[in-house]
Amino acid sequence: MASSLRRYGRRAVSMCRTRKPAFSTSCDDTSLLPQSGTSINLFSAINQALHIALETDSRAYVFGEDVSFGGVFRCTTGLADRFGKHRVFNTPLCEQGIVGFGVGLAAMGNRAIAEIQFADYIYPAFDQIVNEAAKFRYRSGNQFNCGGLTIRAPYGAVGHGGHYHSQSPEAFFCHVPGIKVVIPRSPQQAKGLLLSCIRDSNPIVFFEPKWLYRLAVEEVPEHDYMLPLSEAEVIREGSDITLVGWGAQLSIMEEACLDAEKDGISCELIDLKTLIPWDKETVEASVRKTGRLLISHEAPVTGGFGAEISASIVERCFLRLEAPVARICGLDTPFPLVFETFYLPTKNKILDAIKSTVNY
Amino acid sequence: MAIWFTRSKNIAHYLNLKRYVGVSAGIVLLNHTSLNSSLQSSTIPLSRDNRRTPPAATCFGSSATLFSLRRFESTEAEKRLYDYEDEYQALDFPGGKVAFTSEMQFISESAEKRVPCYRVLDDHGQLVMGSSFEQVSKEAAVKMYGNMVTLQIMDTIFYEAQRQGRISFYVTSLGEEAINIASAAALTADDIILPQYREPGILLWRGFTLQEFANQCFGNEADYGKGRQMPIHYGSRKHNFFTISSPIATQLPQAVGAAYSLKMDKKDACVVTYFGDGGSSEGDFHASLNFAAVMEAPVIFICRNNGWAISTPILEQFRSDGVVVKGQAYGIRSIRVDGNDALAVYSAVHTAREMAISEQRPILVEALTYRVGHHSTSDDSTKYRPADEIEYWKMARNPVNRFRKWVEKNGWWSDKDESELRSNVRKQVEVGKLFICLLNPFSSGQLSKFSLTCYTSMQLLQAIQVAEKMEKPPLVDLFTDVYDLPPSNLLEQERLLKETIKRHPQDYPSDVPV
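On a predicted model such as this, the values are computed, not experimentally measured, just so you know.

Cut-offs used in this document
Residues numbered from 1 in each chain as written. Chains lettered and ligands numbered in written order. Predicted model: local features only at pLDDT ≥ 70, side-chain atom pairs only at ≥ 80, totals over all residues. Heavy atoms only, no water. Helix = DSSP H or I, 4+ residues; strand = E, 2+ residues; numbered from the N terminus. Rg over C-alpha atoms; globule rule 2.2 N^0.38 Å. Buried < 20%, exposed > 50% of the residue type's maximum accessible area, 1.4 Å probe, protein only. Contact = heavy atoms within 4.5 Å. Areas by Shrake-Rupley, 256 points an atom, 1.4 Å probe, with all protein chains shown as cover. Lys, Arg positive; Asp, Glu negative; His and termini not counted. Charge placed at Lys NZ, Arg CZ, Asp CG, Glu CD. Buried area = accessible area lost by both parts, 1.4 Å probe. Salt bridge = Lys/Arg side-chain N within 4 Å of Asp/Glu carboxyl O. Pairing = 2+ DSSP bridges. Axes fitted to C-alpha atoms, helices over the stretch in contact; angles between N-to-C directions. Core = buried A, V, L, I, M, F, W, Y, C linked by side-chain atoms within 4.5 Å. Domains from an automatic or database assignment. Parallel < 35°, antiparallel > 145°, perpendicular 65-115°, else oblique. Left-handed = near helix turned anticlockwise from the far one by under 90°. Polar contact = N/O pair within 3.5 Å; in protein donor to acceptor, adjacent residues only side chain to side chain. Nonpolar A, V, L, I, M, F, W, Y, C, P; charged D, E, K, R; others polar. Arc of directions from axis to C-beta. UniProt positions renumbered as here; feature names shortened; annotations may be inferred.

Student: Now, about the overall build of chain A: what can you tell me, with residues and values included?
Tutor: The number of helices and strands found in chain A is 14 helices and 14 strands. The globule rule puts the C-alpha radius of gyration for 360 residues at 21 Å, and the 20 Å found for chain A is close to it. Considered along the principal axes of its C-alpha atoms, chain A spans approximately 60 × 45 × 45 Å. Burial statistics for chain A: of 360 residues in total, 64% are counted as buried. Contacts in chain A between residues at least 24 apart in sequence constitute 82% of all its contacts with a sequence separation of at least 6. As presented, chain A carries roughly 12,800 Å² of accessible surface, and 54% of it is formed by carbon and sulfur atoms. In chain A, the 36 positive side-chain charges and the 40 negative ones have mean positions that sit 2 Å from each other.

Given below as structure tokens:
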């Protein structure tokens, strides 16, 4: 893991970025030991998952804006050529249509894999997601369901995205019973989680950290594998403080953990992976061990999903906690362009919070 | 890009006739009726000739020449233009060749005439001379009439039940019985229905029982929806009727997705989805028509244009010529039909279905009608429209009576032996027993509106009594089906809730088993 981080550091410097993104999977899970893995980036891992999904289920479809030629992030490269234009196709520019169409297609027993070009544009589809997809099974008394629906969308900071190419809207969806929200941290995770999402019997919103599309590179097994949903993963063990995050933010948190270690603070880092329904048990067990919790996400702090994690853990672990739960998140502003670095929850903001929490 | 010029008079004239008249923007008032003629060049025979609807295969080879000649003859303005000898050029742009003109002309915001409305029966149930329609068998016609009457009675009794506080809410379909029943009759059981909420007649036609309707309205343990939604939010998988949801027009893009599935599976079936005039203003309407055209999905969009979206009349809903003209904007074949003429509705939907399946394309059907009832039991429509207008449509333009007259004229319906039946019914009621099976007018062969009305009313009252007494679904159904399997947070919440109920049982209704 350390060597891959070094590699990213060099790459980051050469790209003049202040962030050092990209992350790799921990080796705890033996099912992931590559039988035949190749070093690929995130969009290639997503692409592999989609190839496998369409190959293994003749009733799986991929559709959205510009997916046919390969997509604006190349996640759908080669699919139309291999599976045909009836299974992989462009849609008109209309998110409410894309998701509504996907709901109907899924309701007929198909795997409908819809792409929203940027998470920033998912809002026109909010009605179809919240009022329709999320309630489809429940309101019909389980006569109907659209469990075959998976909505993929790139999310998060990219260095120059501004208001409308950087948003992290996961909190809006975490408030909706009936759907699942899943966010991978790395290529290997993304492939396994996406396949699980596609094959899950519930409608799922899958946010892909766009910053990592090119920059995160790791060994990804070439075979068909799935990773469990609603199971958080302890990717770094520690004893003084628990850190919880998801997606690209984990790599920032990892750096903060490394720096904290130099000051003798042992950090436990957890990747939540599935935001709803989320794995409270793993986080609770960790906080019982450490007595401290810090949550970090790019989305604005007020009403962000960190608030839910904080409230739930305080309910469960109040007497065990040595300090208030810390949230290091984006500011309560639209995502700015020139001020991006000021807005984001950076490594040093997290490190400062680790120290003040431990020294509370 | 190929750009070529026609300078000679002869070639220009030839080209005008053959190709470019239809697409030229050089006409001040683009005659929409003739544009529609071109699309409906196959359907023109329906209104003018004495023959039945021709089979789909021969209908739709619209000839550009024929179309342009018709247009060429239609208006003075067009004639003058050709005398001018304007220079016509054809230009290639992404999206196809288009003629252009040096005269700046705007297409008018409306056509000279509104799109005509297809009807077959006049207001007195008489077949219009020379009308063309799909023949309906005696059995089908009687079933259609019976269902229309049943729907009326069902609506009346459930509405009253809500007024009495026995159910919380109800929505009637009064005035729209022909759209409901005739459209359902024109489809097969394999066609997938995605309704709005004013189409229970389709379920009725497909065999949903009065007891099943009542169960959903009471949200009891036999409700297929497990008591989760308000009354009238029916859904039935076995009848291929997707569960109703309250948000308007959300079913429309879903219908396109479902139709795409049928297309991929090469099924001999289509999707039929319904919405109102109000629903056509929603974004989902525009999204779905556009998607349907691009995906070439076998879906029929049926608009029940009943004049009102709660209290909002047509003029405050849109300024187009209704909904039918919007079809062409998306490249969809469309028809306007008299929604109170059951035969016309039946014919149009039957033909639309054939087209949708054989040609794998969407069709838009606008059925003009009137919402006789209030929007729902939460509405009093006399607050925003005159009572005599409602009365007029209820009596003089009643679709059920109109169809009955036609059925009667065919000798398929009679009110014979009515007095005997009346006394039979009276006896049964006096004795206090409901010999429903003996009264069944379909088995007794003595079909009359009276007997049908009594039979249905009593069935319905009994269904309501049974539904009312039944227990509600058990508490566990609050937590199931949110996901395929309940996640840990729901299991925890169920546990905590049960503890709360033990402590405060008086806070909770007694008809929900814990």
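Student: I'd like to hear about the overall build of chain B, residue by residue, with values.
Tutor: Regarding its fold elements, chain B presents 21 helices and 10 strands. Looking at chain B as a whole, 53% of its 514 residues qualify as buried. By sequence separation, contacts in chain B at least 24 residues apart represent 73% of the contacts at least 6 residues apart. When the accessible surface of chain B is totalled, it reaches about 23,300 Å², and 54% of it is carbon and sulfur.

Student: Could you give me a rundown of the interface of chain B and chain A, with the residues and numbers involved?
Tutor: With 43 residues of chain B at the interface, the matching set in chain A holds 47 residues. The junction of chain B with chain A conceals about 3,600 Å² of combined surface from both sides, 59% of it contributed by carbon and sulfur atoms. Between the two partners, chain B and chain A, sit two salt bridges. For the salt bridge of Arg-59 of chain A with Asp-265 of chain B, the shortest nitrogen-to-oxygen distance reads 2.8 Å. Of all the elements in the fold, those that place two or more residues in the side of chain B that touches chain A are α11 (251–264), α12 (283–295) and α21 (488–503) of chain B.

Student: Account for the pattern of salt bridges, with residues named and values stated.
Tutor: Under the criterion given, the structure shown has 44 salt bridges over all chains. Of the charged contacts in the structure, one is a salt bridge between Arg-236 of chain A and Glu-261 of chain A, with a shortest N-O distance of 3.0 Å. Within this pair, whereas Arg-236 of chain A is found in strand β9 (residues 233–236), its partner Glu-261 of chain A is found in helix α10 (residues 249–262), the two being separated by 25 residues in sequence. With relative accessibility at 47%, the residue Glu-261 of chain A sits in the partly exposed group. Across the pair Glu-366 of chain B and Arg-336 of chain B runs a salt bridge, and its minimum N-O distance is 2.9 Å. Taken together, the residues Glu-366 of chain B in strand β10 (residues 363–368) and Arg-336 of chain B in strand β9 (residues 333–338) connect sequence positions 30 residues apart. The network of salt bridges with common partners includes Arg-119, Asp-123, Asp-338, Asp-341, Arg-397 and Arg-402 of chain B.

Student: Please provide a residue-by-residue account of the sheet that holds strand β4 (residues 192–194) of chain B, values included.
Tutor: Residue and element names in this part refer to chain B. One open sheet holds the five strands; their spatial order is β4-β5-β6-β10-β9, and the pairing between them is parallel. Each edge of the sheet is formed by a strand with only one pairing partner; in this case those strands are β4 and β9. In this sheet, neighbouring strand axes are inclined to one another by 20 degrees on average, regardless of whether the strands run parallel or antiparallel. α11 contacts β4, β5 (271–276) and β6 (299–305) of the sheet and is inclined by roughly 170 degrees relative to β5. The sheet strands contacting helix α14 (residues 342–359) are β6, β9 and β10, and the helix crosses β9 at an angle near 165 degrees.

Student: Let's hear about the nonpolar core: which residues, and what values?
Tutor: One recurring pattern in soluble globular proteins: nonpolar side chains tend to sit buried together. Within the largest apolar cluster, 87 residues are counted, with the highest numbers of intra-cluster contacts made by Leu-272 and Ile-309 of chain A together with Phe-301 of chain B. Both of domain 1 (2–226) and domain 2 (233–358) of chain A provide at least three residues apiece to this core. With residues up to four places along the chain from it excluded, the contact list for Leu-272 of chain A reads Glu-231, Ala-232, Val-244, Gly-245, Trp-246, Trp-278, Val-283, Phe-305 and Ile-309 of chain A. If you look at the next biggest cluster of nonpolar residues, it comprises 78 residues, including Val-136, Tyr-234, Ala-344 and Ile-363 of chain B.

Student: If you had to explain the packing of helix α7 (residues 138–163) of chain B against helix α10 (residues 210–218) of chain B to someone new, which residues and values would you point to?
Tutor: Residue and element names in this part refer to chain B. Between α7 and α10, the least distance of the axes is 12 Å, while the angle of their chain directions is 30 degrees. With respect to α10, the axis of α7 lies roughly parallel. Crossing hand, α7 versus α10: right-handed. The segment α7 lies against α10, with Thr-150, Met-154 and Phe-158 engaging Leu-210, Phe-213, Ala-214 and Cys-217.

Student: Tell me about unusual backbone geometry, and please be specific about residues and values.
Tutor: A cis amide bond links Ile-276 of chain A to the next residue, Pro-277 of chain A, at an omega of -15 degrees. Here Pro-277 of chain A lies in the loop between β12 (274–276) and α11 (280–290). Look at Ser-230 of chain A: it is not a glycine, yet its phi comes out positive at around 60 degrees. Checked against the element boundaries, Ser-230 of chain A lands in the loop between β8 (217–221) and β9. Relative accessible area serves as the criterion here: at 24%, Ser-230 of chain A is assigned to the partly exposed category. The backbone of Asn-240 of chain B sits at a positive phi, close to 55 degrees, despite the residue not being glycine. Tracing the chain through its elements places Asn-240 of chain B in the loop between α10 and α11. Since its relative accessible area comes to 21%, Asn-240 of chain B is described here as partly exposed.

Student: So what about the domain arrangement of chain A? Which residues, and what values?
Tutor: All names here are of chain A. Domains assigned within chain A are domain 1 (2–226) and domain 2 (233–358). Placing the centre of domain 1 and that of domain 2 at their C-alpha centroids yields a distance of 24 Å. If you look at the interface, domain 1 gives 37 residues, while domain 2 gives 32 residues. With both chains or domains summed, domain 1 and domain 2 bury close to 2,600 Å², and 59% of this area falls on carbon and sulfur atoms. In this structure, the connection of domain 1 to domain 2 is made through two salt bridges. Glu-233 is the salt-bridge partner of Arg-185, the closest N and O atoms lying 3.3 Å from each other. Remark: the boundary between domain 1 and domain 2 carries 10 residue pairs in polar contact (both at pLDDT 80 or more). Among the elements that make up the side of domain 1 that touches domain 2, the one with the highest residue count is helix α7 (residues 170–174) (four residues). Class assignment for the residues of the side of domain 1 that touches domain 2 results in 20 nonpolar, 11 polar and six charged.

Student: Let's hear about α11 of chain A: which residues, and what values?
Tutor: Residues and elements named next belong to chain A. Those residues of α11 that fall on the buried side of the exposure criterion are Lys-280, Val-283, Glu-284, Ser-286, Val-287 and Thr-290. Looking down the long axis of α11, one finds its buried residues gathered within 165 degrees of arc, a one-sided arrangement. The backbone nitrogen of Glu-281 lies 3.3 Å from a side-chain oxygen of the residue at the head of α11, namely Asp-279. Of the residues one or two after α11, Gly-291 is the one with positive phi, at around 80 degrees.

Student: Pulling in residues and values, what's your account of the sheet that holds β9 of chain A?
Tutor: Residues and elements named next belong to chain A. If you trace the five strands from one edge of the open sheet to the other, you get β9-β11-β10-β13-β14, paired in mixed fashion. Sheet topology places β9 and β14 (326–330) at the edges, where each strand pairs with a single neighbour. Sheet twist, expressed as the average angle between the axes of neighbouring strands with direction ignored, equals 25 degrees. Judged from the five bridges that link them, strand β13 (residues 293–300) and β14 form a sheet pairing that is parallel. Counterpart to Leu-294 in the pairing with β14 is Ala-326.

Student: Would you mind going over the UniProt feature "domain: Transketolase-like pyrimidine-binding" (unreviewed entry) in chain A in detail, with residue names and values included?
Tutor: Mapped onto the present numbering, the UniProt feature "domain: Transketolase-like pyrimidine-binding" (unreviewed entry) falls at residues 40–215 of chain A. As annotated, residues 40–215 of chain A comprises 38% helix and 18% strand, and the C-alpha atoms at either end are separated by 10 Å.

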